[in-house]
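# Descriptive structure summary
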Amino acid sequence: MSYNSNFIREKVFRFFKYLLILLFIVFFLRVLERQSSFIQFQVLDYMVTDKLIIRIIATMFFIYYGYFVLVDLKLFIDLLNQYTAKTLGYNESNKIKNIAYSVAAIISLFLASLLVLPFVSSLPTYGNLIASYLNLAFLAIVFIIIYNISNEVYSLAKDKIDETIDEISKQITREISSRTKKSEEK
Amino acid sequence: MNVSTVFSLIFVLILIFLVTERYHRSVAALLGVLLTIVYGVIYGLFSSQNLLHELASLIDPNTVLLVVGVMILAEAVARTGLFEFAALSIAKIIGGDFRRISLSFILLTVVFSTFLSNITSMIIIGALTISLAKQFEVDPTDIILSEAVMTNVGGLILLISSIPNLIVSAHTQIGFTEFFKTSFPLAVLISLVTIPIIYRKIFHYCTIEHEIDVDPWTVVDDRGLFYRAVFVFMCVILGFIFIDYLKIPIGLISIGGAIAMLVLGGQEPESIYSEVDWGTVFFLISFYIIVGGLEKSEVLNIFSENVAHLLSFRPDLASVLNIWVCGLSSAFVDNIPITMTLIPVMEIISGIIGVSVKSLSWGIIYGANLGGNLTPIGSPSNIIALGILKKEGKNVGWNKWFEYCLPLVLMQLFIATAYVVFLSVIS
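None of these values were measured; they are calculated from a predicted model.

A separate point is the overall build of chain B. The secondary structure content of chain B amounts to 21 helices and 0 strands. Against the 2.2 N^0.38 benchmark of 22 Å for 427 residues, chain B shows a C-alpha radius of gyration of 22 Å, consistent with a compact globule. Taken along its principal axes, the extent of the C-alpha atoms in chain B is 70 × 50 × 45 Å. Among the 427 residues that make up chain B, the fraction classed as buried is 57%. Counting only contacts in chain B whose residues sit at least 6 apart along the sequence, the fraction spanning at least 24 positions is 80%. Summed over its atoms, the accessible surface of chain B is roughly 17800 Å², and 65% of this surface lies on carbon and sulfur atoms.

Structural data, given as structure tokens:
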């Protein structure tokens, strides 16, 4: 699936908007939670405190805005996934080959990190810092590629399961129709 | 990070590139060489001062010369029309029955692939089969597929018939005559079992007799050159047969024959060089270095010790296991890297389980040669066969391949297994 730039811009804006709202609310409620210890009452066997109420409200906000944040985050990962697939030369028709390409990409990254990281970390002053950022970058790319592999494995399994279900349902239909015919003949 | 892990990862990476055909096999192997050198120097397996000398010591010049010589010689001889001449002469002698001609062509594929590369023999026989099928107005699909299957049987006959044979013999000191004496009976046995099945499969072809009105000499442009080519070719074959008496490296005989053919042939050398499969030569040299890296990093040692531990319960099964491991791997990966990796492994295993390398290596040779026909991508001759059929508007997919070729190849592998067991019993 391809997205136009306006759509992506809109999603990026929404992602940051909801992320900021979420952070603000969580921060605000945490501050409030620390200050509060006024209300306390009992409902059946449970003791309800103002802290608990604030936590419930925080959880509700977290679920509401967190949902949108996750939806947009998934979209960004999918976009990165598409870009990675394009870079790795994925072929729509051959999923096993795609998985093999991904494994090759992970091995290549691993070998490259073995080569680059010791060299970068030996640089004076900021060497270690740059090396740790590079390490993080390598890990992030590996995460995207593993996400890619999972997608491919899922779609591969899904195709096979769909095929099997189709085949079973066809056989059942055939069986039922032949039995119906036989009973009609009787 | 452990050096063995790094070199195993490099090997897995190259295998993935070879299986998926992401890059040309020679390019993938050259990438493997680059990684082996870089990480070899980093981990101290190679010294940077003596690097070229150390790399050169990993390559076996005898095998490389043999391969290059055979390739040049086969190309130069094929250009004289010798093989087309032989095929047309046989077709003329046999007469107009298409079934008989088809069978003779299938047998000729075995003979041609004994001396030529599988690709060259498939191209020659495939083109002749198509032109005859057109004359008889029949579908050539089954015949071409049978020929593709039989090219690898021809690869069993002589030491020079396929590259895995050359690599294994160079490592295990199997002589030309010893190779022929051991493998020829198997090739005959496989042909005797396979040909009747193929005959039954092509039984439905028309029996209408056509007069074959082709003079075999029409494919020969220069009779003088033709006779000179036959002479050089025979001399090289005799050189291979009497190698034990001549005491000359087999690679020198091969390259000597190629040079003689270039001198006596009077053909344009540039055009012959351009037809030589340099990709395979680069691939071969590169894999010597990659396997050398695996050896130096102890990967092969660790792998061999584990395999030897598994085999210690039944050492007699080692050759049988070799056939099936090589056969099944050759269905997807080129048989050269498989052979080159397994040979040093077998050298280590033989020391541990007390079975000679020679007896273990027959399994590798038979598996590597026959297994290529399990899938349409397993051997270059299969790809050529499918290409010839596609050109004629016949699209043969994996299903058709499995339906027609898989039973034949599995049967051949079972015969080879029984033969290897027989060899181990009599030795």
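Another point: the packing of aromatic side chains. A complete count under the given rule lists 25 aromatic pairs over all chains for this structure. Geometrically, the ring pair formed by A:Tyr64 and A:Phe68 is edge-to-face, given 5.4 Å between the ring centres and 75° between the ring planes. With A:Tyr64 and A:Phe68 both in helix α2 (residues 50-88) and 4 residues apart, this pair spans about one turn of that helix. In this structure A:Phe68 comes out as buried when scored by relative accessible area, which is 18%. Seen from their ring centres, B:Phe11 and B:Phe287 are 6.4 Å apart, and the 70° between their planes marks the pair as edge-to-face. Residue B:Phe11 is found in helix α1 (residues 3-20), and its partner B:Phe287 is found in helix α15 (residues 278-296); the two are separated by 276 residues along the sequence. Given the relative accessible area of 0%, B:Phe287 is considered buried. An aromatic cluster of at least three residues, connected via ring pairs, comprises A:Tyr18, A:Phe61, A:Tyr64, A:Tyr65, A:Tyr67 and A:Phe68. One residue, B:Arg25, lies across the ring of B:Phe283, its end atom 4.9 Å from the ring centre.

Right, let's talk about the confidence of the model for chain B for a bit. All names here are of chain B. Per-residue pLDDT for chain B has a mean of 84; in total, 97% of the residues score no lower than 70. Mean pLDDT across the secondary structure elements of chain B bottoms out at helix α12 (residues 243-246), with 77, and peaks at helix α2 (residues 25-42), with 92. In the predicted complex, the global pTM is 0.73; the interface-specific ipTM is 0.71.

A few words now on a nonpolar patch on the surface. Side chains of A:Ile39, A:Phe41, A:Val43, A:Leu44, A:Tyr46, A:Ile53, A:Ile57 and A:Phe61 sit close together on the surface and give an oily, nonpolar patch of about 770 Å² of accessible area. Locating A:Leu44 in the fold gives a position in the loop between β1 (40-43) and β2 (46-49).

Let's shift gears to the confidence of the model for chain A. Mean pLDDT for chain A: 84, with 97% of residues reaching 70 or above. Mean pLDDT across the elements of chain A bottoms out in β1(A) (72) and peaks in helix α3 (residues 95-121) of chain A (89).

The next point concerns the interface of chain B and chain A. Interface size is commonly expressed as the accessible area that is lost once the parts come together. Across the contact, 15 residues belong to chain B and 15 residues belong to chain A. Around 1200 Å² of area is buried between chain B and chain A when both sides are counted, 81% of it from carbon and sulfur atoms. Together, B:Thr20, B:Arg22 and B:Tyr39 form the three largest contributors to the area buried by chain B at its contact with chain A, with a combined 39%. Where chain B touches chain A, the interface holds 0 salt bridges. For the pair chain B and chain A, the number of links is 2 residue pairs in polar contact (both at pLDDT 80 or more). Elements represented by at least two residues in the side of chain B that touches chain A include exactly α1 and α2 of chain B. For the side of chain B that touches chain A, a count of residues per class yields 13 nonpolar, 1 polar and 1 charged.

About the thresholds
Residues numbered from 1 in each chain as written. Chains lettered and ligands numbered in written order. Predicted model: local features only at pLDDT ≥ 70, side-chain atom pairs only at ≥ 80, totals over all residues. Heavy atoms only, no water. Helix = DSSP H or I, 4+ residues; strand = E, 2+ residues; numbered from the N terminus. Rg over C-alpha atoms; globule rule 2.2 N^0.38 Å. Buried < 20%, exposed > 50% of the residue type's maximum accessible area, 1.4 Å probe, protein only. Contact = heavy atoms within 4.5 Å. Areas by Shrake-Rupley, 256 points an atom, 1.4 Å probe, with all protein chains shown as cover. Phe/Tyr/Trp six-rings, centres within 6.5 Å; stacked < 30°, edge-to-face > 60°. Lys NZ or Arg CZ within 6 Å of the ring centre and 35° of its normal. pLDDT = per-residue confidence, 0-100. Patch = residues over 30% accessible without salt bridge, like charges linked within 9 Å, V, L, I, M, F, W, Y side chains within 5 Å. Salt bridge = Lys/Arg side-chain N within 4 Å of Asp/Glu carboxyl O. Buried area = accessible area lost by both parts, 1.4 Å probe. Polar contact = N/O pair within 3.5 Å; in protein donor to acceptor, adjacent residues only side chain to side chain. Nonpolar A, V, L, I, M, F, W, Y, C, P; charged D, E, K, R; others polar.

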